[in-house]
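# Fold and geometry: a report
Chain residues, written in single-letter form:
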Amino acid sequence: MMAHILINHAGKTKLSINFKIAVLYMNRHPLFSKFPTLLPKACFFTLLILFVPSCSDWFEPTIKEICSEKSEMCTDLSLDARCTPQRAEIIRLRYYNQEPANDAFKYPLLLAFESYLECVQEVQHIEHVKRKGKEATRLKGVITARRELERLARETKASLDPYLSYYHWTRFNDKEAFHRFERYVASDRVSDPELLVSLASVQIKSDQNRTVDTLYRALSLYTDSADIDVSIYHSLASIGLDVENYRMAYVWYGVAEKYDDRLPDIQRIQLGEKFSLPTDILDAVTGDIVSALDSSTFNAEKLKLNKL
């Protein structure tokens with residue numbers, strides 16, 4: 001998400017302790033007495049760099065401080081102890097986007113309000129025997145979340161931002177938003193593989209060849225194989241079966257086995273036996289794909305996957 005992680009008072013305490021350690025080290029360590037005056041100072045500042053976090057994190061406000069300074073960012077949300085993480089996410093997004101350059105922050109804000117609304121609606125039904133007043137503040141949170149979701153949706157309906165276009169397509173089945181999203185994903189500007197995976201989920205209903213190309217492109221964008229949803233491999237294997245490309249199905253079942261311990265190899269083995277596939281060659285292709293995924297160098301063209 002776009003929200004900033006705020007440092008708490010414990011972090012500030014740690015800073016002061018580390019600062020004292022650096023000072024004591026400079027004053028007491030006998031090594032410093034053997035060098036000219038300027039060198040201990042240089043070493044001192046080097047120690048500070050090693051001991052303490054970056055200066056930009058030192059004075060970031062806590063949620064309590066934000067609400068004290070900008071009460072309007074907090075007072076329309078429920079104030080009890082429930083749904084605190086969801087409430088904090090909204091407050092951070094509001095605080096760090098007071099003068100936004102564009103609409104991009106509104107996508108995570110929409111998601112934050114959805115999460116917050118789900119939480120406050122759930123806990124609103126919990127009966128509070130001792131503190132009935134909690135129900136009123138939760139109702140306020142529900143009203144605020146619904147109002148803000150409607151407002152943000154209205155404001156972003158025609159946005160060109162791909163994430164907001166995706167939001168309107170998936171939440172409201174907005175066909176124009178989908179076409180904006182599709183045009184963006186078809187460009188060379190995409191760096192988020194999840195956008196391509198989302199597009200593939202629509203393409204698979206009508207064009208399996210385009211789906212394969214889109215998923216291959218998505219795999220080329222991942223920078224860590226651990227982040228890849230194994231369902232991508234299963235989908236590619238299933239497409240291979242559907243189009244009767246059993247070599248492709250065999251290879252992608254093999255890739256899926258490498259990343260999904262729950263997947264038995266029996267289906268892949270039976271596939272190889274039933275269609276007399278060149279399993280030694282295909283196993284080598286599988287190994288090449290896994291190696292490319294693990295090293296973030298996946299390239300379908302270089303791997304010659306079109307020849308499967």
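Below is a short write-up of the structure. Source: prediction; values computed, not measured.

### Observations regarding a negative patch on the surface
On the surface, a cluster of negative charge is made up of Glu194, Asp224, Asp227, Asp229 and Asp294. By relative accessible area, Glu194 is classed as partly exposed at 38%.

### Regarding the state of the cysteines
Counted by the stated rule, this structure contains two disulfides. Residue Cys83 pairs covalently with Cys119 via a disulfide, S to S 2.0 Å. Between Cys83 and Cys119, the S-S torsion sits near -95°, and that sign places the bridge as left-handed. A residue pair is termed long-range when its members are at least 10 positions apart, and Cys83 in the loop between helix 3 (63-69) and helix 4 (84-95) and Cys119 in helix 5 (residues 106-124) qualify at 36 residues. With respect to class, Cys83 is no different from Cys119; both count as buried. Take the cysteines of the protein that form disulfides and number them in order along the sequence; they join up as 1-2, 3-4.

### Topic: the packing of aromatic side chains
Tallied over the full model, the rule gives 14 aromatic pairs. Members of the aromatic cluster, connected to one another through ring pairs, are Tyr216, Tyr233, Trp252, Tyr259 and Phe298.

### Digging into the nonpolar core
With 34 residues, the main nonpolar core has Leu219, Trp252 and Phe298 as its most contacted residues. For this core, the elements supplying multiple residues, two or more each, are helix 10 (208-219), helix 11 (231-242), helix 12 (246-259) and helix 14 (279-294). At eight residues, the largest contribution of residues to this core is made by helix 12. Once you skip the residues sitting within four places of it in the chain, Leu219 turns out to touch Ile228, Ile232, Tyr233, Leu236, Trp252, Leu293 and Phe298. Of all hydrophobic cores here, the second largest spans 29 residues; its members include Leu77, Ile91, Tyr95 and Leu110.

### Looking at helix 9 (residues 193-203)
Since there are 3.6 residues in each turn of an α-helix, residues three or four apart along the chain are aligned in direction. By the burial criterion, the buried members of helix 9 are Pro193, Leu195, Leu196, Ser198, Leu199, Ala200 and Gln203. Along its buried surface, helix 9 packs onto helix 7 (162-172), helix 8 (175-186) and helix 10. You can read the cap of helix 9 off the contacts: a side-chain oxygen lies 3.0 Å from the backbone nitrogen of Glu194, and it is on Asp192.

### Describing the packing of helix 10 against helix 11
At their nearest, the axes of helix 10 and helix 11 sit 11 Å apart, and the two run at 155° to each other. With respect to each other, helix 10 and helix 11 are oriented roughly antiparallel. Read as a crossing pair, helix 10 and helix 11 show a hand that is left-handed. Here helix 10 contributes Gln208, Thr211, Val212, Leu215, Tyr216 and Leu219 to the contact with helix 11, which in turn contributes Ile232, Tyr233, Ser235, Leu236, Ile239 and Asp242.

### Looking at the pattern of salt bridges
Counted under the stated rule, the structure contains 13 salt bridges. The closest approach of N and O atoms between Asp76 and Arg147, which form a salt bridge, is 3.6 Å. Of the two residues, Asp76 sits in the loop between helix 3 and helix 4 while Arg147 sits in helix 6 (residues 134-155), which places them 71 residues apart along the sequence. Taking relative accessible area as the criterion, Arg147 reaches 41% and is therefore assigned partly exposed.

So, how was this worked out
- Residues numbered from 1 in each chain as written.
- Predicted model: local features only at pLDDT ≥ 70, side-chain atom pairs only at ≥ 80, totals over all residues.
- Heavy atoms only, no water.
- Patch = residues over 30% accessible without salt bridge, like charges linked within 9 Å, V, L, I, M, F, W, Y side chains within 5 Å.
- Areas by Shrake-Rupley, 256 points an atom, 1.4 Å probe, with all protein chains shown as cover.
- Salt bridge = Lys/Arg side-chain N within 4 Å of Asp/Glu carboxyl O.
- Lys, Arg positive; Asp, Glu negative; His and termini not counted.
- Charge placed at Lys NZ, Arg CZ, Asp CG, Glu CD.
- Buried < 20%, exposed > 50% of the residue type's maximum accessible area, 1.4 Å probe, protein only.
- Disulfide = S-S within 2.5 Å.
- Helix = DSSP H or I, 4+ residues; strand = E, 2+ residues; numbered from the N terminus.
- Phe/Tyr/Trp six-rings, centres within 6.5 Å; stacked < 30°, edge-to-face > 60°.
- Core = buried A, V, L, I, M, F, W, Y, C linked by side-chain atoms within 4.5 Å.
- Contact = heavy atoms within 4.5 Å.
- Polar contact = N/O pair within 3.5 Å; in protein donor to acceptor, adjacent residues only side chain to side chain.
- Axes fitted to C-alpha atoms, helices over the stretch in contact; angles between N-to-C directions.
- Parallel < 35°, antiparallel > 145°, perpendicular 65-115°, else oblique.
- Left-handed = near helix turned anticlockwise from the far one by under 90°.

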